[in-house]
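Structural characterization, general
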Amino acid sequence: MKHLTGAILVSMATLLVSTVAHGQSDGVAAAKANIDRYSKIPTFEAPGEAFDAKACMAGKSIFTIPASSSIPFIKTIADHRNEIAKQLGFEHSIWENQGNPTQWIQGIDFSINNNFDLISLLAGADPRFFEPQVKAARDAGLAVVTAHLTGLEQDVPGGVTSATAIDYKTAGSLLADWSIVQTDGKVNALVLVSNEALSTDSMVSGLKAAFDTNCPDCKYEIVNVPISDWATKIQPTVRAKLQADADINYVIPIYDSMSSFVVPAITITGKGDSVRVATFNGTPFVIDFVREGQVEMDVGENLDWIAHAMLDAEMRILCGLEPVRDSKVPLLIFDRNNAATAGTPAEASKGYGDDYVTGYHKLWMIEK
């Protein structure tokens, strides 16, 4: 009887181990399927009906307030918006700032006093910090919009006219899924976020959902570093965490411009062979890091595509068309296999194909 009981217990234990292993294998497979889905050159999808952009924007003006001019990702988008505005023949100005909400408010005052038609709060300039000023601008007849701030599932914030969103939630899930696949479900990650950015909520929800579904036993710690502190706090934070936990195998900075401070921290601690970096945005210098082997993966957005998409949504508002919520900006994973397609050095508009250029020309009725 004792032998029979022991045999049953061994059998049950074997079944349990087999079930857990099968469940882990299923999670890794699901994560890989998601990665594969976003590893192909994207195609253009029009966010709305075609319109004559040059004709309807004649005499109109847009004032862009970036979250911070010191972050390469944001500055690149703002600069590309400038070039597109020149091509279409309307006035566009950029309010240079260092990410201080007081500077954003000064920009709103300037735009009101100088009779702009629309204020674009770009990539993190959050209207919840200055709702009275947003109301003042709208009362003065200006449209106020957020661009590349919210996820598709998030509400329009801070009393603005409209919010043109990005699929941040999927980007977050891809960061988790990548680490799950690469470690075969044995993740121990340090995740760096900036909680004051509204997009962070969307990205973190996607990351958590992916871990919960595809790797519930994976370990990760989320650490907040405000945008204004990136230059001074990211490197010492990462260094301290890596020294405190020798088993960390991934650092996941959810915004890739953080990588300029993450990579040196990993190098200083001598963890270059054991700690990998997965991130999001597609900033050219980070894709260079991918090509050089300093960052393993970057979920990229074509920064020129973003500039086109955000301006498209804003022009529609000024032209009396239906506002666009979903910008239709796609995601593309860059790793060592395709990073070189973005150029050497990488460029903001390379590696994604040129389908979007033709697409927007047709959408805006631009003759070649």
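Here the structure is a predicted model, which means the values were calculated and not measured.

The rules behind each value
- Residues numbered from 1 in each chain as written.
- Predicted model: local features only at pLDDT ≥ 70, side-chain atom pairs only at ≥ 80, totals over all residues.
- Heavy atoms only, no water.
- Phe/Tyr/Trp six-rings, centres within 6.5 Å; stacked < 30°, edge-to-face > 60°.
- Helix = DSSP H or I, 4+ residues; strand = E, 2+ residues; numbered from the N terminus.
- Buried < 20%, exposed > 50% of the residue type's maximum accessible area, 1.4 Å probe, protein only.
- Arc of directions from axis to C-beta.
- Contact = heavy atoms within 4.5 Å.
- Salt bridge = Lys/Arg side-chain N within 4 Å of Asp/Glu carboxyl O.
- Core = buried A, V, L, I, M, F, W, Y, C linked by side-chain atoms within 4.5 Å.
- Axes fitted to C-alpha atoms, helices over the stretch in contact; angles between N-to-C directions.
- Left-handed = near helix turned anticlockwise from the far one by under 90°.
- Disulfide = S-S within 2.5 Å.

1. Examining the packing of aromatic side chains
According to the stated counting rule, one finds 15 aromatic pairs in the structure shown. Measuring from centroid to centroid gives 4.9 Å for tryptophan 305 and tyrosine 356, while their planes differ by 15 degrees, and the two rings are stacked. With tryptophan 305 in helix H11 (residues 303–318) and tyrosine 356 in helix H12 (residues 355–363), the pair connects residues that are 51 residues apart, well separated along the chain. There is no split in this pair, since tryptophan 305 and tyrosine 356 are both buried. Measuring from centroid to centroid gives 5.2 Å for tyrosine 360 and tryptophan 364, while their planes differ by 40 degrees, and the two rings are tilted. With relative accessibility at 1%, the residue tyrosine 360 sits in the buried group. An aromatic cluster is defined as three or more aromatic residues linked by ring pairs; in this entry it consists of Phe44, Trp305, Tyr356, Tyr360 and Trp364.

2. Comments concerning helix H9 (residues 259–268)
Note: α-helices contain 3.6 residues per turn, so residues at a spacing of three or four share the same orientation. Buried within H9 we find Ser259, Val262, Val263, Ala265 and Ile266. For H9, the arc enclosing every buried residue in end-on projection is 165 degrees, short of the 170-degree limit, so these residues lie on one face. Lining the buried residues of H9 we find strand E6 (188–193), helix H8 (230–244), strand E8 (250–253), strand E9 (276–281) and helix H10 (284–292). Backbone geometry just downstream of H9 places glycine 270 in the positive-phi region, at approximately 70 degrees.

3. Re the pattern of salt bridges
According to the stated counting rule, one finds 16 salt bridges in the structure shown. The partner of arginine 128 in a salt bridge is aspartate 126, and the shortest N-O contact between them spans 2.6 Å. Notably, a salt bridge pairs aspartate 326 with lysine 328, separated by 3.3 Å at the nearest N-O pair. Look at lysine 328 and you get partly exposed, because its relative accessible area is 26%. Through salt bridges with shared partners, one network takes in Glu45, Asp326 and Lys328.

4. Here we look at the nonpolar core
One finds Leu175, Leu192, Val238, Val251 and Trp364 to be the most contacted residues of the largest nonpolar core, which totals 114 residues. The biggest single contributor to this core is H11, with ten residues. Aside from chain neighbours lying at most four places away, what touches leucine 192 is Val223, Ile234, Val238, Val251, Ile252, Pro253, Ile254, Met258 and Val262.

5. Points about the packing of H8 against H9
The interhelical angle for the contact between H8 and H9, taken along N-to-C directions, is 35 degrees, at an axis separation of 8 Å. The hand of the H8/H9 crossing is right-handed. Contact residues: Trp230, Ala231, Ile234, Gln235, Val238, Arg239 and Leu242 in H8; Phe261, Val262, Pro264, Ala265, Ile266 and Ile268 in H9.

6. Notes on the state of the cysteines
Scanning all chains against the criterion turns up two disulfides. Through a disulfide, cysteine 215 is tied to cysteine 218; the S-S separation comes to 1.9 Å. Its torsion about the S-S bond being 75 degrees, the disulfide of cysteine 215 and cysteine 218 is classed as right-handed. Residues cysteine 215 and cysteine 218 agree in their burial class; the two are buried. Sequential numbering of the bridged cysteines in the protein chain gives the disulfide pattern 1-4, 2-3.

In short, shape yes, function no, at least from these values alone.
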